[in-house]
Amino acid sequence: MIIVKTADELVKMRASGRMAATVRDEVAGRVAPGVTTGELADFAGKRIIALGGESAFLGYHGYPGQICVSVNDEVVHGIPGSRRIEIGDIVSIDVGVLYDGYIGDTATTVMVGVTDREVINLVKTTEAALYAGIAKACAGARLSDVSHAIEQVGKQAGLFVVRDFVGHGVGKTMHEEPQVPNFGKPGRGPRLKTGTTIAIEPMFNMGSAGVDVQADGWTVLTRSRRPSAHFEHTVAVCDGRAEILTVGQE
Ligand code: MF3
Ligand code: CO
Ligand code: CO
């Protein structure tokens, strides 16, 4: 069942989305050489609490972090810890905030002094694909129109679309129906309805699409061990353009 939120629920989704985005941007601003991923997560945890929310990730199926921090060949679900960020790294910061019963889920990938043109292409293209997907998330469109738009952007840039992890409906729980793949033929799947809230989250790899889950049970790595980027917004489907709920403070 694809849930449609009421106007009152969307007000709450805007609040949790704004908090998640604020923390995402604040953490992204602290990504720098020498900083550990654990320090970023500690900061995130404190900021989420200070804003009146709680981490939607901590304890989720036993996940041990406040946020996910995924560096270079880590695709998603990197567990924060003692790893120090270095010049040339790309760092995905994924933040989920639960506030007043509703969740905002959002991610960005930060480049730390990256000069490699291929890596810059990877990060810029993944972000562009997120917005290409959002542009298709209008009431009346078919779900796979979003998926297809994302895939096209990645393919055209010579990148590989991760198939084992997908976007998702989001609301009272982090992962609701429908799944939102980052690939597929257009014109398939359910029609999108006004008030449906989904997390759109392209994950693109260099090298190949394959991924492996590390021995920690969480960290997803590219099989090629080449870099991967990830961007995510929680959006509400509207009659016209989708509303991005994970926008930070102006
Ligand atoms: N935020 C991730 C997503 O975008 C899910 C993280 S689950 C966790 O779907 F347990 F790793 F936090
Ligand atoms: Co996320
Ligand atoms: Co998500």
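Summarised in this report is the structure supplied together with it. Source: prediction; values computed, not measured. Throughout, a residue's number is its position along its own chain's written sequence, starting from 1. To read the labels, note that chains go from A and ligands from 1, taken in the order they are written. It should be noted that, the model being predicted, local features are given only for residues of pLDDT at least 70 and side-chain atom pairs only at 80 or more, the latter also being counted only at that level, while totals for whole chains, interfaces and linings use all residues. Excluded from the side-chain calculations are hydrogens and water; all other atoms, namely the structure's heavy atoms, are used.

### Some details on the pairing of strand β14 (residues 233-236)
No. 1: Exposure is judged per residue with a 1.4 Å probe applied to protein chains only, and the accessible area is read against the type maximum: over 50% gives exposed, under 20% gives buried, and values in between give partly exposed. For helices the rule is a DSSP run of H or I covering at least 4 residues; for strands it is a run of E covering at least 2, with both sets numbered from the N terminus onward. Here β14 shows no split at all, with His233 and Val235 on one side and Thr234 and Ala236 on the other all buried.
No. 2: The pairing criterion is simple: DSSP has to find at least two bridges between the two strands. Here four bridges tie strand β9 (residues 197-200) to β14, and the two strands are oriented antiparallel to one another. Within β14, the residue paired with Ile200 across the bridge is His233.
No. 3: Bridge count between β14 and strand β15 (residues 243-244): two bridges; the pairing is antiparallel.

### Thoughts on the coordination of the cobalt ion (ligand 3)
No. 1: Each metal's donors are the N, O and S atoms within 2.8 Å of it, or within 3.2 Å when it is Na, K or Ca, and because water is not part of the set, sites may look incomplete. In this structure, Asp105 (OD), His168 (NE2), Glu201 (OE) and Glu232 (OE) serve as the protein donors to the cobalt ion (ligand 3), at separations of 2.0 to 2.2 Å.
No. 2: By the criteria applied here, four donors are tetrahedral when all angles lie between 85 and 135 degrees, four are square planar and six octahedral when opposite donors are over 155 degrees apart and every other angle lies between 65 and 115, and any other arrangement is irregular. Between the six donor atoms coordinating the cobalt ion (ligand 3), the angles at the centre fall across 52 to 173°, so the site counts as irregular.
No. 3: When the donors of the cobalt ion (ligand 3) are listed by position in the chain, the intervening gaps give D-x62-H-x32-E-x30-E.
No. 4: Separation of the cobalt ion (ligand 3) from the cobalt ion (ligand 2) amounts to 3.3 Å, with Asp105 serving as a shared donor to the pair. Here Asp105 is found in strand β5 (residues 102-111), whereas its partner Glu201 is found in the loop between β9 and β10 (203-205), with 96 residues between them in sequence. Each member of the pair, Asp105 as well as Glu201, is classed as buried.

### Observations concerning the coordination of the cobalt ion (ligand 2)
No. 1: Donor atoms from the polypeptide that coordinate the cobalt ion (ligand 2) comprise Asp94 (OD), Asp94 (OD), Asp105 (OD) and Glu232 (OE), at 2.0 to 2.4 Å from the metal.
No. 2: For the cobalt ion (ligand 2), the six donor atoms in the first shell make angles of 57 to 165° at the metal, so the coordination geometry reads as irregular.
No. 3: Here the donor residues of the cobalt ion (ligand 2) are spaced in sequence according to D-x10-D-x126-E.

### Comments concerning the environment of Gly210
No. 1: Note on placement: Gly210 falls in the loop between β10 and β11 (211-213).
No. 2: Separated by 47 residues in the primary sequence, Gly210 and Arg163 place their C-alpha atoms 7.9 Å from one another.
No. 3: Gly210 has contacts with Asn205, Leu221, Thr222 and Arg223, leaving out every residue within four places of it along the chain. Here, residues are in contact when the closest pair of their heavy atoms is within 4.5 Å.

### What to know about helix α4 (residues 143-156)
No. 1: A helix's residues, less one, multiplied by 1.5 Å, set its expected span. The first and last C-alpha atoms of α4 sit 21 Å apart over 14 residues, in line with the 20 Å expected at 1.5 Å per residue.
No. 2: Taken together, the buried positions of α4 are occupied by Leu143, Ser144, Val146, Ser147, Ala149, Ile150, Glu151 and Gly154.
No. 3: On its buried face, α4 sits against α3 (117-136), β6 (160-161), β8 (176-180), β9 and β10.
No. 4: Count one or two residues on from α4 and you reach Gly158, which has phi positive near 80°.

By themselves, these figures tell us nothing about what the structure is for.
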